[in-house]
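# Geometric and topological summary
Residues per chain, in single letters:
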Amino acid sequence: MISVDDTVKFHFDVDGENFSSAGEASIIMKKSLRQLGFPQNVIRRVTIAMYEGEINMVIHANGGQADVEISPDEIKIVLEDSGPGIADVDLAMQEGYSTAKDNIRALGFGAGMGLPNMKKYTDSMEIETEIGVGTKITMTVKT
Amino acid sequence: MRLDQLAEKLDLKHICGSTDREYDGVYAGDLLSWVMSNASADNIWITIMSNLNVIAVASLTEVACVLLAEDVTLSDEALKAAEEKNITVFSSGKTAYELCVAIAKAEEE
Ligand SMILES: Nc1ncnc2c1ncn2[C@@H]1O[C@H](COP(=O)(O)OP(=O)(O)OP(=O)(O)O)[C@@H](O)[C@H]1O
Ligand SMILES: [Mg+2]
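Residues numbered from 1 in each chain as written. Chains lettered and ligands numbered in written order. Predicted model: local features only at pLDDT ≥ 70, side-chain atom pairs only at ≥ 80, totals over all residues. Heavy atoms only, no water.

## Some remarks on the layout of surface pockets
Gaps left between atoms show up when a probe the size of a water molecule is rolled over them. The computed volume of the largest pocket comes to approximately 610 Å³. As for the largest pocket, its lining consists of 35 residues, of which A:Asn56, A:His60, A:Ile86, A:Thr99 and A:Leu115 are closest to the centre. Those elements that provide at least two residues to the lining of the largest pocket are helix H2 (40–61), strand E3 (74–81), helix H5 (114–121) and strand E5 (134–142) of chain A together with helix H2 (32–38) of chain B. In terms of residue count, H2(A) provides more of the lining of the largest pocket than any other element does, 9 residues in total. The computed volume of the second largest pocket comes to approximately 380 Å³. As for the second largest pocket, its lining consists of 19 residues, and the residues nearest its centre are A:Lys30, A:Arg34, B:Ser59, B:Lys85 and B:Ile87. For the lining of the second largest pocket, the secondary-structure elements that each account for two or more residues are helix H1 (24–35) of chain A together with helix H3 (52–61) of chain B. Examining the composition of the lining of the second largest pocket, we find that 6 residues originate from one element, H1(A), more than from any other. When the residues that make up the lining of the second largest pocket are grouped by side-chain class, the tally is 7 nonpolar, 4 polar and 8 charged. (1 Å grid on protein atoms, 1.4 Å probe; cavity = no way out; pocket = protein on both sides within 12 Å on 5 of 7 lines; lining within 4 Å. Points joined across faces, edges and corners; volume = space filled by probe spheres on them. Helix = DSSP H or I, 4+ residues; strand = E, 2+ residues; numbered from the N terminus. Nonpolar A, V, L, I, M, F, W, Y, C, P; charged D, E, K, R; others polar.)

Here is the structure:
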């Protein structure tokens, strides 16, 4: 029987060096959510939102931490980095806004769609950020 | 239509992964988070991107396969990841546009 206290927690250190192979934490989460029996569309929403956040930490913040908390009715994703912070969150949330450099764009990133995707695929999203200190993004998806 | 049936009609080169899966629709694009936003599960994803991140995006979006246009080849590490994650990859000498036209024709036949 599943009780409300039955939460499963995952923690990942997201390496900031290697942006050609970033996304491993999200891929591992996908496997775990499958094993836990979540429906495909829930898995898709959680892992796409997490992937965008994971990639952002690698590209824009030199890595960080990802924590995922799975309870029966909700999946919570917390991404925290000690990067440069986001100066204007409203601007960063706009589709098409990106500060990605050319070498990153050559890999297919930099459409300025990551943060909008995170909002689109989750039920709630909160950004806490401070210049020179870092960024913490908390997202939830109802299962 | 199944991927193997389409591959035969279009003379696609099979790079890796299973081909007996049905596909549903096509999405063409190279900007990864744009693809994340707009590709649907079971789509054929046509792209000229070939690095490791393509495999991650294909896995997370649950597309039916990656179809590399213009004879683009996967990097060794991307090929290895595709095999590990059981992602189906094809390639073709055609451009993305030519592939879209050819797929539409094949579906009408
Ligand atoms: N963790 C972060 N730390 C610092 N800046 C960030 C962070 N995440 C996003 N940003 C800023 O917000 C902008 C918009 O982010 P978003 O993910 O929407 O687009 P992108 O990463 O530039 O491109 P895409 O996600 O489409 O590949 C980034 O270009 C960057 O300036
Ligand atoms: Mg991004």
